[in-house]
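Understanding the architecture of this molecule
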Amino acid sequence: MATIEAQDLRRMMGRFRVLIMGRANAGKTTILQKVCNTTDQPEIYDTKGNKVRVMIYAIHASIADLSRRGNHDITNEMVFTSNSTFVFHDSCGFEAGSEEEFEDMKKFISDRAHATKLEDRIHAIWYCIPMDEHCRTFQRSEEKFFQECDTGHVPVVAVFTKFEALRPVAYGDIKKQLLGVSREERSKRIAERVEELFSRTGVLDRLYSPENRARPKSHVRLQNVNQQNTNCDTLLESTTLALDNEELRLCLVSTQKSNLELCIKCAIV
């Protein structure tokens, strides 16, 4: 019965719409590919449903690459043929952008967060923060977004990408202390050091500051996403549980038929 209801809901509202944000090279394209179980590039459509002709110069060209080449428009829809139940919007890394671009992004979020039709709204925002520069996790771009943007009831999930980058830093900090210890103990100490490094960034305090207009509903850590045996199930689960609307939650779960664990977990909630 639940499956039928989910299918009916999908026909009614169309697709689950996500705005993905973050700096250039934050790993956004890889995340979307993992979510849609593909290595292909997305097809891009304008607001009228016309396919946008985008020249991809390399097989691994990223969303950020397209943005820098002047093809970026936040209103454009990105769809992967492997899973067309998702539609994505990308806000290019505006850390180097103009104030006008930032205001355009704010307006897009406000308009889509408060759209009359559920199918026209953005249903979730994924804000990607790369950890390969852990000393610069919270830059001016993050500060402006979380302090100034009105996301309405749209849940924001903070996504710490490239989390594996903290491990070699942690190892370098304590490598002298690891001499002669067992492999298990070494792994434990490195993991503890990773947690210390992450805590020292203070990024969680800044994300969840009561002064922010846009506070994340949750946050996830993604690591080694570019490897074949990894997935983004934690991101999908966190997004599903962050949704206040039961219909949207059902819709998102129904797009993940292969993720039995997620379906069961969210059915229980």
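Okay, so let's go over this structure.

The rules behind these values
Residues numbered from 1 in each chain as written. Predicted model: local features only at pLDDT ≥ 70, side-chain atom pairs only at ≥ 80, totals over all residues. Heavy atoms only, no water. Pairing = 2+ DSSP bridges. Helix = DSSP H or I, 4+ residues; strand = E, 2+ residues; numbered from the N terminus. Axes fitted to C-alpha atoms, helices over the stretch in contact; angles between N-to-C directions. Contact = heavy atoms within 4.5 Å. Parallel < 35°, antiparallel > 145°, perpendicular 65-115°, else oblique. Left-handed = near helix turned anticlockwise from the far one by under 90°. Nonpolar A, V, L, I, M, F, W, Y, C, P; charged D, E, K, R; others polar. Buried < 20%, exposed > 50% of the residue type's maximum accessible area, 1.4 Å probe, protein only. Disulfide = S-S within 2.5 Å. Salt bridge = Lys/Arg side-chain N within 4 Å of Asp/Glu carboxyl O.

The strand order across the open sheet formed by 7 strands is E2-E3-E4-E1-E5-E6-E7, and the pairing between neighbours is mixed. Strand pairing shows two members of the sheet lacking a second neighbour, strand E2 (43-45) and strand E7 (218-221), which therefore form its edges. In this sheet, adjacent strand axes meet at a mean angle of 30 degrees when their direction is disregarded. Helix-sheet contacts for helix H2 (residues 28-35) involve strand E1 (16-22), strand E3 (77-80), strand E4 (83-91), strand E5 (124-130) and strand E6 (156-161), and the interaxial angle to E4 is about 165 degrees.

This next bit is on the packing of helix H9 (residues 233-242) against helix H10 (residues 246-254). Describing two packed helices takes the angle between their axes plus the distance from one axis to the other. Interaxial distance between H9 and H10 falls to 8 Å at its minimum, and their mutual angle equals 160 degrees. Regarding the angle of H9 to H10, the classification is roughly antiparallel. Where H9 crosses over H10, the handedness of that crossing is left-handed. Touching Leu-236, Thr-239, Thr-240 and Leu-241 of H9 are Arg-249, Leu-252 and Val-253, all from H10. Broken down by class, the residue content of the contact of H9 with H10 amounts to 4 nonpolar, 2 polar and 1 charged.

In this structure, Asn-25 takes a positive phi of about 65 degrees despite not being glycine. Looking at the secondary structure, you find Asn-25 in the loop between E1 and H2. Despite not being glycine, Asn-37 has its phi angle at roughly 55 degrees, a positive value. Following the sequence through the fold, Asn-37 ends up in the loop between H2 and E2.

Along any regular strand, the residues point their side chains to alternate faces of the sheet. Burial runs high along E1: 7 of the 7 residues are buried. Residue alternation in E1 divides its side chains into two sets, Phe-16, Val-18, Ile-20 and Gly-22 and Arg-17, Leu-19 and Met-21, and both sets are buried. Examined bridge by bridge, E1 and E4 share 6 bridges and lie parallel to one another. Paired with Ile-20 across the bridge in E4 is Asp-90. Sheet topology note: the E1/E5 ladder contains 5 bridges and is parallel. Across the sheet, Met-21 pairs through a bridge with Tyr-127, a residue of E5.

Taken as a whole and judged by the stated rule, the model has 0 disulfides. In this structure Cys-232 is not part of a disulfide, and its nearest cysteine sulfur, from Cys-128, lies 9.0 Å away. Among the residues examined, Cys-232 registers a relative accessible area of 2% and is labelled buried.

Further remarks concern the environment of Ser-187. Along the chain, Ser-187 falls in helix H7 (residues 183-200). On the basis of relative accessible area, Ser-187 is assigned to the partly exposed category, the value being 34%. Taking the C-alpha atoms as reference, Ser-187 lies 9.4 Å from Tyr-171; in sequence the two are 16 residues apart.

Across all of its chains, the model carries 19 salt bridges by this definition. Measuring nitrogen to oxygen at the nearest pair gives 2.7 Å for the salt bridge that ties Asp-111 to Lys-107. One end of the pair, Asp-111, and the other, Lys-107, are both in helix H4 (residues 99-113), 4 residues apart, so they sit about a helical turn from each other. Connected through shared salt-bridge partners, Glu-99, Glu-103, Lys-106, Lys-144 and Glu-148 make up one network.

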